[in-house]
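A closer look at the structure
Okay, here's what each chain looks like letter by letter:
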Amino acid sequence: MSRVVVLTDLHIRAEPEPGKPDADARLLSAIDHINRYQSDADLVIVTGDLAHSGERAAYDKLASHLTRLALPHVLMLGNHDNRAAFLDAFPQISPDENGHVQQVVDLPEARLICLDTLNGPPYSYPFSHLGVLCAERLAWLDAALSGTDRPCILFMHHPAHKTGFAAMDAIMLMHGPAFYDRILAHGNVAHIVCGHVHRTISGSHRGVPFSIFKSLVGQMPMLFDLMDFHMETDEPPAYGLLMISDDGVVAHSEDFGLTDLDALRAASPQNASSQPK
Ligand SMILES: [Fe+2]
Ligand SMILES: [Fe+2]
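Residues numbered from 1 in each chain as written. Chains lettered and ligands numbered in written order. Predicted model: local features only at pLDDT ≥ 70, side-chain atom pairs only at ≥ 80, totals over all residues. Heavy atoms only, no water.

This is how the line gets drawn: UniProt positions are given in the numbering used here, feature names are shortened, and annotations may be inferred rather than shown by experiment.
The name given to the protein in an unreviewed UniProt entry is 3',5'-cyclic adenosine monophosphate phosphodiesterase CpdA, with the source organism recorded as Flavimaricola marinus. Listed under Sequence similarities (unreviewed entry) in UniProt, the entry text for the protein is "Belongs to the cyclic nucleotide phosphodiesterase class-III family."

Some points on the coordination of the iron ion (ligand 2)
Expected angles at a metal are 109.5 degrees for tetrahedral coordination by four donors and either 90 or 180 degrees for octahedral coordination by six donors. We apply this condition: Coordination shells were defined by N, O and S atoms within 2.8 Å of each metal, extended to 3.2 Å for Na, K and Ca; water is absent from the atom set, which can make sites look incomplete. A four-donor site is classed as tetrahedral when every donor-metal-donor angle falls between 85 and 135 degrees; four donors are called square planar, and six octahedral, when trans pairs exceed 155 degrees and all remaining angles lie between 65 and 115, with any other arrangement labelled irregular.
Every protein donor of the iron ion (ligand 2) is listed here as D49 (OD), N79 (OD1), H157 (NE2) and H196 (ND1), and their distances to the metal cover 2.1 to 2.3 Å. Viewed at the metal, the four donor atoms of the iron ion (ligand 2) are separated by angles of 89 to 165 degrees, and the geometry they form is irregular. Considered as a linear motif, the donors of the iron ion (ligand 2) on their single chain read D-x29-N-x77-H-x38-H. Here the iron ion (ligand 2) and the iron ion (ligand 1) are spaced 3.4 Å apart, with D49 acting as a shared donor.

Considering the packing of helix α1 (residues 23-37) against helix α2 (residues 56-66)
Condition: Angular values range over 0 to 180 degrees, each being the angle between N-to-C directions of two axes fitted as lines to C-alpha atoms, with helices fitted over their stretch in contact. For the purposes of this entry, the term helix denotes a DSSP run of H or I that reaches at least four residues, the term strand denotes a run of E that reaches at least two, and both are numbered from the N terminus. When describing relative orientation, an angle under 35 degrees is termed roughly parallel and one over 145 degrees roughly antiparallel, while 65 to 115 degrees is termed roughly perpendicular and anything else oblique. Crossings are sorted by hand: turned counterclockwise from the far helix by less than a right angle, the near helix makes the crossing left-handed, and turned clockwise it makes it right-handed. In this analysis, two residues are considered to be in contact whenever any of their non-hydrogen atoms come within 4.5 Å of each other. The classification used treats Ala, Val, Leu, Ile, Met, Phe, Trp, Tyr, Cys and Pro as nonpolar, Asp, Glu, Lys and Arg as charged, and all other residues, Gly among them, as polar.
Running from N to C, α1 and α2 point in directions that differ by 25 degrees, and their axes come no closer than 10 Å. Between α1 and α2, the angle falls in the class roughly parallel. Read as a crossing pair, α1 and α2 show a hand that is right-handed. Here D24, L27, L28 and I31 of α1 come into contact with α2, specifically with K61, L62, H65 and L66. A class-by-class count of the residues in the contact of α1 with α2 yields five nonpolar, one polar and two charged.

Notes on the layout of surface pockets
Using the following cut-off: In this analysis, the protein atoms alone were mapped onto a 1 Å grid. Cavities are point sets where a 1.4 Å probe fits without being able to get out; pockets are open sets with protein on both sides within 12 Å along at least five of seven lines; lining residues have an atom within 4 Å of a point. Grid points are joined across faces, edges and corners, and a volume is the space filled by probe spheres set on the points.
Taken as a whole, the largest pocket spans an internal volume of roughly 290 Å³. Residues of the lining of the largest pocket, tallied by class, amount to nine nonpolar, seven polar and five charged. Reported here for the second largest pocket is a volume of approximately 160 Å³. Taken together, Y37, L261, L264, R265, S268 and Q270 make up the full set of residues lining the second largest pocket. No other element matches helix α7 (residues 261-267), which puts three residues into the lining of the second largest pocket.

Some points on the pairing of strand β5 (residues 111-114)
Definition in use: Type-normalised accessible area, obtained with a 1.4 Å probe on protein chains alone, sets the label of each residue: buried when under 20%, exposed when over 50%, and partly exposed for intermediate values. Strand pairing is assigned whenever DSSP detects at least two bridges linking the two strands.
Across the two faces of β5 the burial is the same, with R111 and I113 and L112 and C114 all buried. Note that strand β4 (residues 103-106) and β5 share four bridges and pair antiparallel. Each bridged residue has a counterpart across the sheet, and for V104 the counterpart in β5 is I113. In sequence, β4 turns back onto β5 through a hairpin of four residues. Pairing between β5 and strand β6 (residues 152-156): four bridges, direction parallel. When the bridges of β6 are listed, L112 appears paired with I153.

So, the coordination of the iron ion (ligand 1)
At this site the iron ion (ligand 1) is bound by D9 (OD), H11 (NE2), D49 (OD) and H198 (NE2), with donor distances of 2.0 to 2.2 Å. One can describe the donor arrangement at the iron ion (ligand 1) as irregular, given that its four donor atoms subtend angles of 87 to 173 degrees at the metal. When the donors of the iron ion (ligand 1) are listed by position in the chain, the intervening gaps give D-x1-H-x37-D-x148-H. Classification of H198 by relative accessible area gives buried; the value is 11%.

Observations regarding the packing of aromatic side chains
Short version of the rule: Paired rings are identified among Phe, Tyr and Trp, the last through its six-membered ring, by centres lying within 6.5 Å, and are further divided according to the angle between planes into stacked (under 30 degrees), edge-to-face (over 60) and tilted (the rest).
Within the structure shown, the criterion is met by five aromatic pairs. On the numbers, 4.7 Å between centres and 35 degrees between planes, the contact of F165 with F224 is tilted. A residue pair is termed long-range when its members are at least 10 positions apart, and F165 in the loop between β6 and α5 (166-169) and F224 in the loop between β9 (208-212) and β10 (239-245) qualify at 59 residues. Residue F224 is classed as partly exposed on the basis of its relative accessible area, which comes to 39%. Taken together, the ring pairs connect Y59, F86 and F90 into an aromatic cluster.

Below, the structure is given as structure tokens:
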């Protein structure tokens, strides 16, 4: 079995913003938890919105924070990112032949396909908050899906279908139905993992299961009708954990700040007799 940790929507800021959660502290806390409790995972995938405003200084801070992460990691881009500033700060990361930050990771049980859905440059907000897969990126995706006999798991910042939140549905991936037509024609997408919505959401769309995970710095309140995509509430952050076997995908979400797991384990010795709950 392979294990993949999913972090999303870090929103690192060049300077802390008064009244907002400390994105640096949240990320370092998540990294410490992952190092402590998920050390047997194969890798960490960060599904975009790495920086809040796409500044080089924010990416420099992110690079520094990630030196503390013991696991290998894949960084992806979201609508708050800036591809050029990101690549300046991470010169070891090579974009694809068309300049997009995309890559494939082959695990024994599945092919992981990490897509770049950032709509820019130019970055013209609010239009650039919409996700996009241009013809070049779709061709890259076709090749990635065709080049394996393993089931494929897609990682993409923007969901390609509505989640019920009016504001976020307005900035989902453009041309979602055509995207689903395309992947269903391949017939080998086993699961899709997204961020962007800042909330734990799961289900299926046109028969393809999906998981969306929480942000580290602010969650979407369950107010479906509000047309304010900056609306957020400071509920506990979480990271995702995918357990990938030949039989499928199990998706966990861990609100890592809530429970002292070491204390719980110490209070409940492995071989102690106890009544089941
Ligand atoms: Fe975000
Ligand atoms: Fe986003």
